[in-house]
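Working through the structure, step by step
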Amino acid sequence: MPRTFPLTSLTLAAALALSTTPALAGSKSSDHGHSHSHDDHAHDHSQDDKAEAIYKGYFDDADIAPRPLSDWQGDWQSLYPYLKDGTLDPVMAHKAESGDKSAADYRAYYDTGYATDVDRITIAGDTVTFTSVRATLTGTYASDGYEILTYAKGNRGVRYTFAKTGGDADAPAYIQFSDHRIAPEPADHYHLYWGNDRAALLDEVTNWPTYYPAALSGAAIVAEMLAH
């Protein structure tokens, strides 16, 4: 089901604005001398391979660590409008070139996955603001741990959960982040699940509203998606 606010949600003032665009963390230190350059190069490949495996959902439990809400701080926009207006058509065509579906079938799949009326999410400190055409809702959230999920293909994911501690009554009681990372690191995009039943959210695997930095244009988002 597309994620929507209750029709009675007509609360709150303007959303908090934080124009931070998260960047990928982890540039390699240059402290090593030239005599170690080959070892460093091999180390880089090893680290890259591990990061790629984690991104695809293959990792050891020992690699998982708690993450703060600040990993997702910033101003974020939904991908759903870009799917609906055709901006993401090149991405769907690219997936069809090597995938097992047609571009139209991929578009239908993501139409279910990205569906949401929450076009903007702003995260500042412990405050999360959800903006749709019908309402702007704000809540404060604290970490409520994480869950490891195993998917049908055999790969896994980690859902980082935050529970509401205050704010609007209609703001969701729980939010869960999934961004292919399993330890503290700023997100460059994420899937977000929200609702009032923590356990039920963990069962949701077909609708995963997806958010990219609000500062990116549609063309820039397409370029990033094609690069993966």
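Let us look at the structure shown here. Model, not experiment: these values are computed from the prediction. (Residues numbered from 1 in each chain as written. Predicted model: local features only at pLDDT ≥ 70, side-chain atom pairs only at ≥ 80, totals over all residues. Heavy atoms only, no water.)

Right, let's talk about the overall build of the protein chain for a bit. Along the protein chain, the regular secondary structure elements total six helices and eight strands. Of all 228 residues assigned to the protein chain, the portion counted as buried reaches 41%. Counting only contacts in the protein chain whose residues sit at least 6 apart along the sequence, the fraction spanning at least 24 positions is 63%. Just so you have it, the protein chain exposes about 11,800 Å², and 55% of that area is on carbon and sulfur atoms. (Helix = DSSP H or I, 4+ residues; strand = E, 2+ residues; numbered from the N terminus. Buried < 20%, exposed > 50% of the residue type's maximum accessible area, 1.4 Å probe, protein only. Contact = heavy atoms within 4.5 Å. Areas by Shrake-Rupley, 256 points an atom, 1.4 Å probe, with all protein chains shown as cover.)

A few words now on the environment of Ala215. Here Ala215 is to be found in the loop between strand S8 (210-213) and helix H6 (218-227). Looking at Ala215, the relative accessible area reads 62%, which means it is exposed. With 138 residues separating them in the primary sequence, Ala215 and Gln77 have C-alpha atoms 8.5 Å apart.

In this section: the packing of helix H3 (residues 89-98) against helix H4 (residues 103-114). One can describe the packing of H3 onto H4 by two numbers: an axis separation of 8 Å at closest approach and a directional angle of 120 degrees. Taken together, the axes of H3 and H4 lie oblique to each other. The element H3 and its partner H4 pack so that their crossing is right-handed. From H3, Asp89, Met92, Ala93, Lys95 and Ala96 reach across to H4, where they touch Ala103, Tyr106, Arg107 and Tyr110. (Axes fitted to C-alpha atoms, helices over the stretch in contact; angles between N-to-C directions. Parallel < 35°, antiparallel > 145°, perpendicular 65-115°, else oblique. Left-handed = near helix turned anticlockwise from the far one by under 90°.)

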